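Residues per chain, in single letters:
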Amino acid sequence: MNKFIFPILAVILGFIIALVTKKQKSWNTKLLLSFSGAFLLALTLFELLPEVYEHLEPKRTGLFIVCGILLQIVLELFSKGAEHGHVHIHKNETIFPWLLFISLCIHSFLEGFSIHDHNDMVYGVLIHKIPIATLITMFLMQSNYSKIQIFSFLLVFAFMTPLGTYVSHASTLASGYMHVINAVVIGIFFHISTTILFESSDGHKFNLSKFIAIILGVGIAYLI
């Protein structure tokens, strides 16, 4: 049940953190984002990548991974990088951000497939979604959207990953292409995690606290 509950719990925790930090993007949130990027990247390398290469022809696997990277780039044209911590919502905005909502839902739905037969990947998704949910909540709360709109946004966002996991279990069509879908998800994770890590250093200056967060992320992922 953890594979269904943890992604929902991540959004709840993100919402609570956003309330506690009083709608301000904090230094601790940036550290958590760096940790989550390293943790997700390491788990992808340790868990998903070897299995995909074991079941698919290597060159085709590389092609599907590149497709995942390209897909994420396309999604970010609409989400503006919300998947790795960039949320751009104007305070006076009243029109519901459908493009952001749909792109985040597609991303969350696909990442649910990675949890299908990889119980450890649920921890990667959990840690990844907490800072993202925190930042999304902060910006939604600063907008002029109604509480019902904000609640609906976060509710659907929370359930999209468990929905992807459920479909990967229940659908025979999805299970037949599981390794292909996972290769695409690997590309998505590669793009997101590396973007987080590259952006985690301000002006390419060495930051010890962020470096430690990244080392911890990789180390914990290896020990799981």
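Structure's up top.
Anyway, here's the lowdown on the structure attached to this text. (Residues numbered from 1 in each chain as written. Predicted model: local features only at pLDDT ≥ 70, side-chain atom pairs only at ≥ 80, totals over all residues. Heavy atoms only, no water.)

**Regarding the overall build of the protein**
Stage number 1. Each helix and strand counted, the protein has 9 helices and 0 strands in total.
Stage number 2. Helices and strands appear in the protein in the N-to-C order α-α-α-α-α-α-α-α-α.
Stage number 3. A buried classification covers 51% of the 224 residues belonging to the protein.
Stage number 4. Approximately 11000 Å² of the protein is accessible, and the part contributed by carbon and sulfur atoms is 71%. (Helix = DSSP H or I, 4+ residues; strand = E, 2+ residues; numbered from the N terminus. Buried < 20%, exposed > 50% of the residue type's maximum accessible area, 1.4 Å probe, protein only. Areas by Shrake-Rupley, 256 points an atom, 1.4 Å probe, with all protein chains shown as cover.)

**Here we look at helix α4 (residues 98–111)**
Stage number 1. In this model, α4 (14 residues) spans 20 Å end to end at C-alpha, consistent with the 20 Å of a helix rising 1.5 Å per residue.
Stage number 2. Turning to α4, its buried residues number three or more, namely Leu-100, Phe-101, Ser-103, Leu-104, Cys-105, His-107, Ser-108, Leu-110 and Glu-111.
Stage number 3. Where α4 is buried, its residues contact α3 (58–79), α5 (121–142), α6 (147–170) and α8 (178–199). (Expected span 1.5 Å × (residues − 1). Contact = heavy atoms within 4.5 Å.)

**Describing the pattern of salt bridges**
Stage number 1. Following the criterion strictly, the structure yields 1 salt bridge and no others.
Stage number 2. The partner of Lys-129 in a salt bridge is Glu-111, with the nearest N and O atoms 3.2 Å apart. Residue Lys-129 is located in helix α5, and its partner Glu-111 is located in helix α4; the two are separated by 18 residues in the primary sequence. Across the pair, Glu-111 and Lys-129 agree in class, each one buried. (Salt bridge = Lys/Arg side-chain N within 4 Å of Asp/Glu carboxyl O.)

**Details of the packing of helix α1 (residues 2–20) against α5**
Stage number 1. With their axes 7 Å apart at the nearest point, α1 and α5 run at an angle of 35° to one another. Once α1 is placed against α5, the crossing between them reads as right-handed. Residues Asn-2, Lys-3, Phe-6, Pro-7, Ala-10, Val-11, Leu-13, Gly-14, Phe-15, Ile-17, Ala-18 and Leu-19 of α1 form the contact with α5, whose own contacting residues are Val-122, Tyr-123, Leu-126, Lys-129, Ile-130, Ala-133, Thr-134, Thr-137, Met-138 and Met-141. (Axes fitted to C-alpha atoms, helices over the stretch in contact; angles between N-to-C directions. Left-handed = near helix turned anticlockwise from the far one by under 90°.)

**Description of α8**
Stage number 1. Counted at 1.5 Å a residue, the expected span for α8 with its 22 residues is 32 Å, and the 31 Å between its end C-alpha atoms agrees.
Stage number 2. Extensive coverage of α8 is indicated by the burial of 18 of its 22 residues.

**Observations concerning the packing of aromatic side chains**
Stage number 1. Going through the model one piece at a time under the given rule, you end up with 6 aromatic pairs.
Stage number 2. Taking 5.8 Å as the distance between ring centres and 10° as the angle between the ring planes, the aromatic pair formed by Phe-35 and Phe-39 counts as stacked. One end of the pair is Phe-35 and the other is Phe-39, both in helix α2 (residues 27–55) and 4 residues apart, which spans about a single turn.
Stage number 3. Residue Phe-35 is classed as buried on the basis of its relative accessible area, which comes to 16%.
Stage number 4. In this structure Phe-39 comes out as buried when scored by relative accessible area, which is 3%.
Stage number 5. Relative to Phe-153, the ring of Phe-101 has its centre 5.3 Å away and its plane inclined at 65°; by these criteria the two rings are edge-to-face. Here Phe-101 is found in helix α4, whereas its partner Phe-153 is found in helix α6, with 52 residues between them in sequence.
Stage number 6. Using a relative accessible area of 13% as the deciding quantity, one classes Phe-101 as buried.
Stage number 7. Members of the aromatic cluster, connected to one another through ring pairs, are Trp-98, Phe-101 and Phe-153.
Stage number 8. Sitting over the ring of Phe-157, Lys-129 keeps its end group 4.1 Å from the ring centre. (Phe/Tyr/Trp six-rings, centres within 6.5 Å; stacked < 30°, edge-to-face > 60°. Lys NZ or Arg CZ within 6 Å of the ring centre and 35° of its normal.)

**A word on the packing of α3 against α4**
A pair of packed helices is captured by two measures, namely the crossing angle of their axes and the spacing between those axes.
Stage number 1. Where α3 contacts α4, the two axes come as close as 7 Å, and the packing angle between them is 150°. The orientation of α3 relative to α4 falls into the category roughly antiparallel. In this structure, α3 contributes Leu-71, Gln-72, Leu-75, Phe-78 and Ser-79 to the contact, and α4 contributes Leu-99, Leu-100, Ser-103, Ile-106, His-107 and Leu-110.
Stage number 2. A breakdown of the residues in the contact of α3 with α4 according to their chemical character gives 7 nonpolar, 4 polar and no charged. (Parallel < 35°, antiparallel > 145°, perpendicular 65-115°, else oblique. Nonpolar A, V, L, I, M, F, W, Y, C, P; charged D, E, K, R; others polar.)

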